[in-house]
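# Structural overview
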Amino acid sequence: MTTASAEAGNADLRAAPAAALELRGLRKSFGATLAVADVDLSVSRGAFLGLVGPNGAGKTTLLSMATGLLRPDRGEARVLGQDVWSEPGARRAKELLGVLPDGLALPDRLTGRELLSYLGLLRGMPAPLVAERTGELLRVLDLEHAERTLIGDYSAGMRKKIGLATALLHGPQLLVLDEPFEAVDPVSAAVLRAILDGFIASGGSIVMSSHAMALVERMCDHVAVLSHGQVLRSGTLAQVRGGHSLEDAFAELVGAGPARGLSWFAS
Amino acid sequence: MVRLLIGLRAAITRNQLRQGNRGPLIAGLVLAMLSAAGTLYLGTVSYPRLAAGADVIALVFGLWLGGHLAQRALSGEATLRPEMFALLPLRRRALATALLAVNLADPALILFVVPFAAVIALGAQAGIVPALVGVAGALLTTVLAGVAGTVAGGILGPGARRGHDIGTMVTALAISIISVAGITLPWLVTVLRERSAPWLIALVRVLPSGWAAVAVDAAARSQWLWVALPLAGLAALSGVIALAWPAVLARRMTGAGTPSHAARPHAERRALLPRTAVGAVAAKEMRLWVRDPIRLTPLLIAVIVGAAMCAIPRLTTGTGQLLPFAGAATVVIAAACACNLYGNDGTSLWLTITAPGSGRPDVRGRQLAWLLITGPYALVLTVLLTAISGQVWAWPWALGGLAALLGGACGLIPLASLTWVVPLDDAGNPTPQYPLKVYPTMIAVAITAAPAASVALAGSLAGLTWLGWLAVPVGIATGAALAWKLGAVAARRLRRTQVTVLRTLASAA
């Protein structure tokens, strides 16, 4: 169950099985700009949460803080009960977490296979397992034909796919994906969807940010709407859209005015 | 349009300055002004003959011009990238003219007037007419620097990555030659003053950078043909290069050329390294050292400069005393250039942050890779050149020093890389702040050889061979200790600061 208000107290949290992702009072400002304002968000196990919001709403900042890539000014983030920002939880949280960040680089001068091998061994996985999973990921994601292509020469869609492969390689229980479908062609998108559906079916949980409302409606069972660094509404898909399409509900929530054309088109 | 473009560049530069740290820029400016003042001074001192002064100034102008071209070839036009204008309905020739004019109005270029004024000062030593010839020569050389720099940046500079890899290699060669000349400058100036190396005189005079000085020298001797020819040559050369500029610009803006990253064979270097976290990092690092021009360029410079600065005295005056230390010099330069690994790797640091417990393997793997890349080469070079030099006394110095430096460098590289992380610029090149990290690192690395060198010195002074040879175990011991200890400090620092470093790199990207 996804709730903006944190119903469960600390005691309950310890008793009940921990949520897949629990964010409490997360806050981040850059200079005078408040990017994320005391966000509470809970993603239960097995849920597929779509995080939507206008450009500059704070989605990437929020997900970066949730995954240990950006230190929050205050608040806490827990992955399956493990605190992302303090030891000893952080280490365990990173084992349980698979991340696809947006706007961060990959080593341009490695091939896909080299990157996955490096990352698997860096995470302490046994070499045969790394080789096996790398081969399967490259095959399923249709990157095998690019065996000798450096990541720097990948298309935007191929970069997303190899990024997803890095998130999946170590067998995480929670995936946090920032715009995984951006710039991905329809055929590859179908492959990605099948992988993510399979991940949910196997008991995993996913948090995914996206601008594509239709995609979120089709794939996610929970939705959170973020605007100006605050969660405006969260819950099951049905709760959030309340009888409308998600796109209409979203426009109403973020207060988008009627879209206007340009003045000089009229003349 | 020229005024508009100058305004645009000023606005972009202003915003960059507002965001960035101004200290390094000011330090760089002070350094440049000191060099400029030094060059100007060379025009005011008196020479046995004016011709000798002209030769010295021709040489120094070569360093300025070469350095400017190398800098432009490496970083291109970082502010007003031609690609920004690709979609505007501008006539190509008009845009080319405007961009060239903007480049000629570059404040950095205006600074060049100061060192180039040395030729005026030299002319003034002989009279008013040679001084006036010097004015013309200084202006024409400045224009040549502007025009040639613009075209060099267009051909070899970063623009949609094309040709940049090759450009970086060419630049490495140019920087190496200039560095060697810079390091050996005092010696070269002496040789020119004494006019004892005719080949060097011919070389500095035949290069366009020397033509202004040749004209002034000829004016002092009233050889008017030799005044007119070099000056006309400078003007004509600038004109010819300027004529090529529209074509170079068009080629760049339409993306002609081959992609830089051709498919490369799948190198299985991993077999040599353990299939552990440290081994994986080392394998990745070794691939990057070979494939990434940002890393390979300084390595090539280290190899060329390290060998050349120790071999040149032997080749010219026959003194081979520096030969045994070519390996050590290479190690110091290669280490100093590796002082910003995390800054150069950019935001891919997130992979390390999200992999639990990867701080230590990341540092150790980087150390191992650098040692494997430079160590064997430096050792072979040291043994070979020490043997060739035939200087028996040098063995403990060279071997002990090399061991100490290799270890000290392994320790200092990750630590320096995590101290004041400098991101690359928008075009993926080192910023002017990078050299400000390189030089202190160079000094720090060199100091790590002090214990071994002290022991070798004690051995020499006392005339005890066995004491001198103690420098080798001492070098190995201090090297190993520094590599181990400083690496551990770096690993702790990485764990503590990695999120902050990522933030620095991400906000620069």
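What counts as what
- Residues numbered from 1 in each chain as written.
- Chains lettered and ligands numbered in written order.
- Predicted model: local features only at pLDDT ≥ 70, side-chain atom pairs only at ≥ 80, totals over all residues.
- Heavy atoms only, no water.
- Helix = DSSP H or I, 4+ residues; strand = E, 2+ residues; numbered from the N terminus.
- Rg over C-alpha atoms; globule rule 2.2 N^0.38 Å.
- Contact = heavy atoms within 4.5 Å.
- Areas by Shrake-Rupley, 256 points an atom, 1.4 Å probe, with all protein chains shown as cover.
- Lys, Arg positive; Asp, Glu negative; His and termini not counted.
- Charge placed at Lys NZ, Arg CZ, Asp CG, Glu CD.
- Salt bridge = Lys/Arg side-chain N within 4 Å of Asp/Glu carboxyl O.
- Buried < 20%, exposed > 50% of the residue type's maximum accessible area, 1.4 Å probe, protein only.
- Pairing = 2+ DSSP bridges.
- pLDDT = per-residue confidence, 0-100.
- Patch = residues over 30% accessible without salt bridge, like charges linked within 9 Å, V, L, I, M, F, W, Y side chains within 5 Å.
- Buried area = accessible area lost by both parts, 1.4 Å probe.
- Polar contact = N/O pair within 3.5 Å; in protein donor to acceptor, adjacent residues only side chain to side chain.
- Axes fitted to C-alpha atoms, helices over the stretch in contact; angles between N-to-C directions.

This brings us to the overall build of chain B. Per the secondary structure count, chain B includes 24 helices and zero strands. Computed over the C-alpha atoms, the radius of gyration of chain B is 25 Å, within 12% of the 23 Å expected from 2.2 N^0.38 for a compact globule of 509 residues. Taken along its principal axes, the extent of the C-alpha atoms in chain B is 65 × 65 × 40 Å. Taking as baseline every contact in chain B between residues at least 6 positions apart, the subset at least 24 positions apart corresponds to 80%. Total accessible area on chain B stands at roughly 21900 Å², and carbon and sulfur atoms take up 73% of it. Here chain B carries 38 positive and 14 negative side-chain charges, and the mean point of each set is 4 Å from the other.

Moving on, we come to the pattern of salt bridges. Evaluated as defined, the whole model comprises 24 salt bridges over all chains. D292 of chain B serves as the salt-bridge partner of R109 of chain A, at 3.9 Å between the closest nitrogen and oxygen. With one member in each of two chains, R109 of chain A in the loop between strand 6 (97-100) and helix 4 (112-122) and D292 of chain B in the loop between helix 14 (277-291) and helix 15 (293-316) form a pair that bridges those chains. Since its relative accessible area comes to 10%, R109 of chain A is described here as buried. Taking the relative accessible area as the measure of exposure, D292 of chain B reaches 13% and is therefore buried. By sharing partners, the salt bridges in this structure join K284, E285, R295, D345, D362 and R366 of chain B into a single network.

Let us look at the pairing of strand 3 (residues 48-52) of chain A. Residues and elements named next belong to chain A. In terms of burial, strand 3 is a largely internal element, five of the five residues being buried. With burial as the criterion, each face of strand 3 is covered, one bearing F48, G50 and V52 and the other bearing L49 and L51. Inspection of the sheet shows strand 3 paired to strand 8 (residues 205-209) by four bridges, in the parallel sense. Each residue of the ladder has a partner; that of F48, found in strand 8, is I206. Two elements, strand 3 and strand 9 (residues 222-227), share four bridges in a ladder whose sense is parallel. Along strand 9, the bridge assignment pairs V52 with V225.

So, on to the confidence of the model for chain B. All names here are of chain B. When pLDDT is averaged along chain B, the result is 86; 91% of the residues meet or exceed 70. Per-element averaging of pLDDT across chain B places helix 9 (residues 164-183) at the bottom with 74 and helix 20 (residues 394-417) at the top with 96. Every residue in residues 257-263 scores below 50 in pLDDT, and together they form 11 contacts with partners more than four places removed in sequence or on other chains. The ipTM for the predicted assembly is 0.90, set against a pTM of 0.80.

Okay, a positive patch on the surface next. All names here are of chain B. Taken together, the side chains of R360, K485, R492, R495 and R496 define a basic patch exposed on the protein surface. Considering every element that reaches the positive patch, the biggest residue donor is helix 24 (residues 471-508), with four residues. Its location among the elements puts R495 in helix 24.

A word on the interface of chain A and chain B. By a widespread convention, an interface's size corresponds to the accessible area lost as its parts come together. Taken together, the contact pairs 36 residues of chain A with 38 residues of chain B. When the two sides are added together, the surface that chain A and chain B hide from each other amounts to roughly 3500 Å², 63% of it contributed by carbon and sulfur. The largest per-residue losses of area from chain A upon contact with chain B belong to R109, Y118 and L122 of chain A, which jointly make up 22% of the total buried on that side. Here chain A is connected to chain B by three salt bridges. For the pair chain A and chain B, the number of links is seven residue pairs in polar contact (both at pLDDT 80 or more).

The next point concerns the confidence of the model for chain A. Low-pLDDT portions of the prediction should not be read for the details of their coordinates. Across chain A, the average pLDDT comes to 89, with 94% of residues at 70 or higher. Of the regions scoring below 50 in pLDDT, residues 1-15 of chain A engages in 23 contacts with residues more than four places distant in sequence or in other chains.

The subject of this paragraph is the sheet that holds strand 4 (residues 74-79) of chain A. The strands that make up a sheet pair up through hydrogen bonds in the backbone, lying either parallel or antiparallel. Residue and element names in this part refer to chain A. Strands sit in the order 2-1-4-5 across an open sheet of four strands; the sheet is antiparallel. The open sheet has two free edges, formed respectively by strand 2 (33-43) and strand 5 (82-83), since each of these has just one partner strand. Direction of pairing for strand 1 (residues 21-30) relative to strand 2: antiparallel, over a ladder of seven bridges. What sits directly across from L21, in strand 2, is V43. The strands touched by helix 2 (residues 59-66) within the sheet are strand 1, strand 2 and strand 4, with strand 1 carrying the most contacts at an inclination of about 120 degrees.

Residue and element names in this part refer to chain A. Spatially, 6-7-8-3-9-10 is the arrangement adopted by the six strands of the open sheet, whose pairing is mixed. The strands lining the two open edges of the sheet, one partner per strand, are strand 6 and strand 10 (230-236). Strand after strand, the sheet turns through a mean of 15 degrees between neighbouring axes, direction not considered. Of the strands in this sheet, strand 3, strand 9 and strand 10 are in contact with helix 10 (residues 246-254), which crosses strand 9 at around 30 degrees.

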